[in-house]
Amino acid sequence: MRAIEQLMQEHSAILTMLDILDAACNKLDSGTQVDPEDFEAMVGFLKEFADACHHKKEESFLFPALEQSGVPREHGPIGVMLTEHDLGRKYIRGLGQSIEAYKSGNKDATLGLMSNARGYINLLRMHIEKENGVLFPLADQRLSEQVQSELMKNFQRIEVEEIGEGKHEQFHVLLRKLKTVYLS
Ligand SMILES: [Fe+2]
Ligand SMILES: [Fe+2]
């Protein structure tokens, strides 16, 4: 598999988790209780799989490789992507706090939870659309086979260092489980 292909596959897993989170928020919005542990599992996935693993692959290896190929960091697509990753981290922090409050039975916490979750969902859906539609095709054009295979090696290292060996599969198991509960 090529490096860019791996990132695209991760996008599709992240988009599924966004659909799950969206469905859970809609449930909450209609007055149905949602198990706080499910919300915790969703945020755990987004923190580890989407941020610590996927965004780290982009920030530590893909973006620098693109810069080396002549794509500017400032005032260009890379700068925008980095700003969006940071904004996403803010939403995730807020979401984590809201879930804590929701767990402790605070009725007002649902509003904060839904607004952080929906802010994050909208941001990440647009972000992924831009990467899939613009940045990744550009990377495929500019990065040689050799650079892409170097990227793959570094991506593998991130998997082991950031989330641990075998954890990737566990995330897919979680995704399938939550999909059955919220998307079927
Ligand atoms: Fe990104
Ligand atoms: Fe991405």
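Quick notes on the rules
Residues numbered from 1 in each chain as written. Chains lettered and ligands numbered in written order. Predicted model: local features only at pLDDT ≥ 70, side-chain atom pairs only at ≥ 80, totals over all residues. Core = buried A, V, L, I, M, F, W, Y, C linked by C-beta atoms within 7 Å. Buried ≥ 20, exposed ≤ 12 C-beta atoms within 10 Å, placed from the backbone. Helix = DSSP H or I, 4+ residues; strand = E, 2+ residues; numbered from the N terminus. Contact = placed C-beta atoms within 7 Å. Expected span 1.5 Å × (residues − 1). Axes fitted to C-alpha atoms, helices over the stretch in contact; angles between N-to-C directions. Parallel < 35°, antiparallel > 145°, perpendicular 65-115°, else oblique. Left-handed = near helix turned anticlockwise from the far one by under 90°. Nonpolar A, V, L, I, M, F, W, Y, C, P; charged D, E, K, R; others polar.

Q: Got a minute to help me understand the nonpolar core in this structure?
A: One broad trend across soluble globular proteins is that nonpolar side chains are buried collectively. Formed by 25 residues in total, the largest nonpolar core has its most connected members in M17, L21, M42 and L95. Listing elements by their share of this core, those giving two or more residues are α1 (3-29), α2 (36-68), α3 (77-103) and α4 (109-142). Residue contributions to this core peak at eight residues, all from α2. When near neighbours in sequence (up to four residues on either side) are disregarded, L95 contacts V43, L113, N116, A117 and Y120.

Q: Mind showing me how you'd approach helix α5 (residues 145-163) here?
A: Helical geometry note: an α-helix holds 3.6 residues per turn, so side chains three or four residues apart project in the same direction. Compared with the 27 Å implied by 1.5 Å per residue over 19 residues, the 26 Å span of α5 between its first and last C-alpha is a close match. Looking one or two residues past α5, G164 carries a phi angle of roughly 95°, positive in sign.

Q: Got a minute to help me understand the packing of α3 against α4 in this structure?
A: Geometry of a packed helix pair, given as the angle between the helix axes and the separation of the axes. Between α3 and α4, the least distance of the axes is 8 Å, while the angle of their chain directions is 155°. Compared by their axis directions, α3 and α4 come out roughly antiparallel. Judged by the twist between their axes, the crossing of α3 over α4 is left-handed. Across the contact of α3 with α4, the residue classes break down as 17 nonpolar, eight polar and two charged.

Q: Explain α3 to me, please; I cannot follow it from the model alone.
A: Relative to the 39 Å expected for 27 residues at 1.5 Å per residue, α3 spans 38 Å between its end C-alpha atoms, a close match to the ideal helical length. Here α3 has its buried residues at I78, M81, H85, Y91, L95, S98, I99 and Y102. On its buried face, α3 is in contact with α2 and α4. Positive phi appears at G105, one or two residues downstream of α3, with a value of about 90°.

Q: Looking at this model, I keep getting lost on unusual backbone geometry. Mind explaining?
A: Working note: non-glycine residues mostly have negative phi, and peptide bonds are mostly trans. Despite not being glycine, H75 shows a phi value in the positive range, around 55°. In this fold, H75 is placed in the loop between α2 and α3. A tally of 8 C-beta atoms within 10 Å means that H75 is categorised as exposed.

Q: Teacher, can you tell me more about the environment of E150 here?
A: Relative to the assigned elements, E150 resides in helix α5. Sequence separation of E150 and A3 is 147 residues, and the distance between their C-alpha atoms is 8.7 Å.

Q: I keep staring at the environment of N154 and nothing clicks. Help me out?
A: Looking at the element boundaries, N154 is found in helix α5. Counting along the chain gives eleven residues from N154 to L143, while the straight-line C-alpha distance between them is 15 Å.

Geometry only, nothing functional implied.
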